[in-house]
Each structure stands twice: as C-alpha cells, then as structure tokens.
Amino acid sequence: MEKIDEKGKAAVWRGILTASALIISSVIIAAGFGRIAKPDRVVNVRGLAEREVDADMAVWPLTFSVGGNNLLELQKDIVGRTKTVTVYLETHGLTADDYTVQAPAITDTSVNPYMNDNKARYTYIAKQVVLVRSKNVKAVKSAQADSLDLMGSSIAVSQDYDGKVQYEFTGLNGIKPAMIAEATKNARAAAEQFAHDSGSKVGKIKSASQGLFTIDDAATGLEEKKTVRVVTTVEYLLKD
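What you see is a predicted model, and the numbers here were worked out from it, not measured in a lab.

### Quick notes on the nonpolar core
Then, number 1: Counting residues in hydrophobic clusters, the biggest one holds 26 residues, and the most contacted among them are W60, L62, V85, L89, V132 and V140.
Then, number 2: When contributions to this core are tallied by element, the ones reaching two or more residues are β2 (57–68), α2 (71–91), β5 (124–134) and α3 (137–145).
Then, number 3: When residues no more than four places from it in sequence are discounted, the contact partners of L89 are W60, L62, L94, Y99, V130, V132 and A143.
Then, number 4: Counting 10 residues, the second largest nonpolar core, distinct from the first, contains V53, A183, F213 and V230.

### Re helix α4 (residues 172–197)
Then, number 1: The terminal C-alpha atoms of α4 lie 37 Å apart, and with 26 residues this matches the ideal 38 Å at 1.5 Å per residue to within 8%.
Then, number 2: Where α4 bends most, at A178, the angle is about 30°.
Then, number 3: Regarding α4, the residues found buried are L172, I175, M179, A183, A187, A191 and A195.
Then, number 4: Against β1 (42–54), β7 (201–210), β8 (214–217) and β9 (225–239) lie the buried residues of α4.

### Focus: unusual backbone geometry
Then, number 1: The backbone of S154 sits at a positive phi, close to 60°, despite the residue not being glycine.
Then, number 2: Checked against the element boundaries, S154 lands in the loop between α3 and β6 (166–168).

The rules we used
Residues numbered from 1 in each chain as written. Predicted model: local features only at pLDDT ≥ 70, side-chain atom pairs only at ≥ 80, totals over all residues. Heavy atoms only, no water. Core = buried A, V, L, I, M, F, W, Y, C linked by side-chain atoms within 4.5 Å. Buried < 20%, exposed > 50% of the residue type's maximum accessible area, 1.4 Å probe, protein only. Helix = DSSP H or I, 4+ residues; strand = E, 2+ residues; numbered from the N terminus. Contact = heavy atoms within 4.5 Å. Expected span 1.5 Å × (residues − 1). Bend = angle between axes of the 7 residues up to and from the residue.

Rendered as structure tokens:
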C-alpha cells in the first residue's frame, strides 16, 4: 500500500471537512424550509343559484275510448271522433305540427276468458290517443281545461294520470352560464364572511366543482312553473 505524505493527508482532511460542511448546511437549509413552508389554509364553501321559470313545452296525451260490436263501424267511429278532436285542438290555437294521431289500441273482449259475456256491452273497445306536444303552453292548457266540451260530441277525454298534461322546461342551456356565475358569487360571499370572522382574507380559488342542475315543479298544482337549481362547491385559499 502506498504511503500518503503529509501534504496528501492534509488534502484528505480538507475533503472530509468540506463534505461534512455541505451535509450540515443541507440539513440546516432543509430544516429552515420545513419551518417556513406551511400547509395551505383553505375554506370550502357552497354557493346556490335558484330561479323560477315558466315551462316552455307541454305534452298532453289526449286519450279517449270508443266501443263497438262491428269493426268497420268502429273504424268509422274512431276516424270521426279523432277528426272532431283535431278540429277542437285547432280552434284552441294549435296546429297539425302540435299533435300526432297515434294508432288506436283495440281490445277484443270476445277472446277474454275472464269477461262475463252477459255484462259485456261492446265486443271491441278502442283506446285512441292524440299526442299533443307543443311550445304553445297556453293553448294546450286552455284546450285541456275545456276538454269537457267534447262530451257534447260523445267524446269522454280521460282525466286520469295517463291523460294528464306534462309541463317541461327546455331552455336550460340559455340560463346555465348566468346561474353558474351567480352560484360562484354566492360561494365567494360565504367564503368572505368566514374569512372575516377568522381574521383572514380570501385568496385565489384552489379548486371548484359544479353540481347537477335540477328542474322541479314550483309547487303541487303549479306544474307549468319550474324551479331550477344548481350548487357549486368552491375551495378558496386564505391569507393573512
């Protein structure tokens, strides 16, 4: 093994001391950063935006039944009564573009083993639907309200759930941007109140998410009015 002279020994010691100094400095710097770097202080808030809007679409399955004992006569009866119904709709401001005459559903009671033939009034019963779907909500509502007038033409319009008018709102995309902006504004107001109470200030947005839009009836019996809601969740940074 080679012997290291005094000069070499000195160089080795200088290298060891330098390396040690670098290690110690790194530890001190790392410890310093550990004290300086603090976790972000945040506040997580929600903002609600809500609007009441008018329905812009009405769907009404105008339904009535026709009975008969002869198929040819039943066919003529269905055609005649359907024509009466379409004329009725047009007198209320609806056009052929607003409704569709669907194929009738025919029930043959003679092949029903559970039917009491002595009590059966008609051999055939037809269920006819004229599906009204229109943006003229006012006209549909008026026609449905006056539908008892068709009784004078021997047409009994179904008033049960199957014949109920359904009101819809299709203009959501037109109000989405404004409602999201409003929800975000309300979220920031909540964050600012929290920051004020804690002696802080609201900083930048750290994260944000938008909830689903919901469309519900404004109230029972007021289905032509809709309530639109959206909630945004926003996380803000807080600063001193």
